[in-house]
Amino acid sequence: MNARAPRRKPPTAAAVTTVEVARAAGVSVATVSRFLSGATPVSPAKREAIEAAIARLDFKPNLLARSLKRGRSMTVGVLTQDVNSPFFTETVLGVESALQGSGYEPLVGSVHWNPAEEADRIRRLIARQVDGVIVLVGSLDDAQLLKLAEDVPIVLTGRALQSGRAWGLRLDNEAGGYLATRHLLELGHREIAHIQGPAHSMDTVERVAGWRRALQEFGLRPDKHLLVQGNFSETGGLLAMNRLLDSGRSFSAVFAANDQTAYGARLALYRRGVRVPDDVSLIGLDDLPASVFTTPPLTTVRQPMFEVGQLAARALLQLMDGQPVTVQVPQLSLVVRETTARVR
């Protein structure tokens, strides 16, 4: 009687290797390694096959061993100005999306528009040996950032900066302010107020410049009394709109510096019995997810913040691997909904 050979057991999660994953996915081991590292792109078909094989085999890569081998911690710092802001939430979600499958884990924190706190947090992230840092709309000047980038690659949003260790992704905020104001002008509005963001913000300066340019193109002189200070928050928008209404100045439309400002402005108008858009047209800038659900749905200029987060993460992956950054900065676009109407 011949002894039966013992049945081969399927590999356990701990025993599964990249070789088994590659065999199950029908790709090379090198392709699996590239997929896991995120260093270079993998075609969608191969990515799908590898992900299916990983799920089927319950493959769990040994991140500690990989990080020791590569001399990396496999973590990146992500600093926002306000982790509770829906604007930054969208961008962070984009960062997380782009890091999926790369092996890198984000460490997210807020710095509250404070340059000193921002510099300190970056230094602490460097001390924790993160492999790179993403700063979302930072406050530090270029010289400080380039100095910090000597220790770790840094990608920034809201900043035009390019070096071998630091790269900035800046959307055209002047064009955003121009698009918003021109839309109101094309609807026949001539008295257009602007609730601006915080004075120290370059985004604020550029959006005001876009408001001015559009007015001047239509032969209008920007009225300084229709330029009201806000702070990019709902509360700031509400208070600014109250000041504007109390000033007694005539206006038929308002360009709010961002969607959150527009939400607060809309509430102030509602409480005063001012109808939107029948009495006053209102436009924001950002196109946050909630803007389609306001009453009425908010007309706005879309900043693709989820995409910006994805691009920032991809740029950082390229910097960390010593590759040139190849991502393209997206354009802003007008999204017309129901808070703007033609002058009657």
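Please refer to the structure higher up on the page.
Scope of this entry: the structure provided in the associated data block. Since the model is a prediction, treat every value here as computed from it, not as a measurement.

1. Regarding the pairing of strand E1 (residues 75–80)
Most of E1 is tucked away: six of the six residues are buried. Two elements, E1 and strand E2 (residues 105–110), share six bridges in a ladder whose sense is parallel. Bridging across to E2, Val 76 finds its partner in Pro 106. The parallel pair E1 and E2 is bridged by helix H5 (residues 86–99), and the resulting crossover is right-handed. One ladder, built from four bridges, connects E1 with strand E3 (residues 132–136); its direction is parallel. Bridge pairing links Gly 77 to Val 133 in E3.

2. Overview of empty space enclosed by the protein
On inspection of all chains with the given rule, the structure shows one cavity of 30 Å³ or more. What lines the largest cavity is a set of 13 residues, among which Val 137, Gly 158, Leu 171, Gln 303 and Met 305 lie closest to the centre. Residue assignment for the lining of the largest cavity shows that the elements contributing at least two residues are helix H9 (202–217) and helix H12 (305–320). Grouping the amino acids of the lining of the largest cavity by side-chain chemistry returns six nonpolar, four polar and three charged.

3. Details of helix H6 (residues 115–127)
Taking 1.5 Å as the rise per residue, H6 with 13 residues should run 18 Å; its terminal C-alpha atoms sit 18 Å apart, in good agreement. Among the residues of H6, those classed as buried are Glu 118, Ala 119, Ile 122 and Leu 125. Viewed along the axis of H6, the buried residues span an arc of 125°, placing them on a single side of the element. Within H6, the exposed residues directed more than 90 degrees away from the buried face are Ala 116 and Ala 127. Where H6 is buried, its residues contact E1, E2, E3, helix H7 (142–148) and strand E4 (154–157). Structurally, the start of H6 carries an N-cap: the backbone nitrogen of Ala 116 is 3.0 Å from a side-chain oxygen of Asn 114.

4. Topic: unusual backbone geometry
Following Val 276, the chain continues to Pro 277 via a peptide bond in cis, the omega torsion being 5°. As for its placement among the helices and strands, Pro 277 is situated in the loop between helix H11 (259–271) and strand E9 (281–286). Even without being a glycine, Phe 232 presents a positive backbone phi close to 70°. Of the residues examined, Phe 232 reaches a relative accessible area of 12% and is grouped as buried.

5. Focus on the side chain of Thr 339
Structurally, Thr 339 can be placed in the segment after strand E11 (333–335). Among the polar contacts made by the side chain of Thr 339, one reaches the main-chain carbonyl oxygen of Leu 282 at a distance of 2.5 Å. A distance of 2.9 Å separates a polar side-chain atom of Thr 339 from the backbone nitrogen of Thr 299.

6. Regarding the packing of helix H8 (residues 173–186) against H9
As a packed pair, H8 and H9 sit with axes 7 Å apart at the nearest point and diverge in direction by 40°. The angle between the axes of H8 and H9 places the two elements in the oblique class. Where H8 crosses over H9, the handedness of that crossing is right-handed. Of the residues in H9, those touching H8 at Asn 173, Glu 174, Gly 177, Tyr 178, Thr 181, Arg 182 and Leu 185 are Asp 203, Glu 206, Arg 207, Ala 209, Gly 210, Trp 211, Arg 213, Ala 214, Leu 215 and Glu 217. A per-class count over the contact of H8 with H9 returns six nonpolar, four polar and seven charged.

7. Some thoughts on the side chain of Thr 204
Topologically, Thr 204 is positioned in helix H9. At 2.9 Å, the side chain of Thr 204 and the backbone oxygen of Pro 198 are in polar contact. Excluding anything up to four places from it in sequence, Thr 204 contacts Gln 196, Gly 197, Pro 198 and Phe 232.

8. Details of the packing of H5 against H12
Two numbers describe how H5 lies on H12: the axes approach to 6 Å, and their chain directions differ by 45°. In terms of their interaxial angle, H5 and H12 are classed as oblique. Two packed elements cross with a definite hand, and for H5 against H12 that hand is right-handed. Listed contacts from H12 to Phe 87, Glu 90, Thr 91, Leu 93, Gly 94, Val 95, Ser 97, Ala 98 and Leu 99 of H5 are Met 305, Phe 306, Val 308, Gly 309, Gln 310, Ala 313, Arg 314 and Leu 317. Class assignment of the residues belonging to the contact of H5 with H12 gives a composition of 10 nonpolar, five polar and two charged.

About the cut-offs
- Residues numbered from 1 in each chain as written.
- Predicted model: local features only at pLDDT ≥ 70, side-chain atom pairs only at ≥ 80, totals over all residues.
- Heavy atoms only, no water.
- Buried < 20%, exposed > 50% of the residue type's maximum accessible area, 1.4 Å probe, protein only.
- Helix = DSSP H or I, 4+ residues; strand = E, 2+ residues; numbered from the N terminus.
- Pairing = 2+ DSSP bridges.
- Right-handed = clockwise from strand over helix to strand, strands pointing away.
- 1 Å grid on protein atoms, 1.4 Å probe; cavity = no way out; pocket = protein on both sides within 12 Å on 5 of 7 lines; lining within 4 Å.
- Points joined across faces, edges and corners; volume = space filled by probe spheres on them.
- Nonpolar A, V, L, I, M, F, W, Y, C, P; charged D, E, K, R; others polar.
- Expected span 1.5 Å × (residues − 1).
- Arc of directions from axis to C-beta.
- Contact = heavy atoms within 4.5 Å.
- Polar contact = N/O pair within 3.5 Å; in protein donor to acceptor, adjacent residues only side chain to side chain.
- Axes fitted to C-alpha atoms, helices over the stretch in contact; angles between N-to-C directions.
- Parallel < 35°, antiparallel > 145°, perpendicular 65-115°, else oblique.
- Left-handed = near helix turned anticlockwise from the far one by under 90°.

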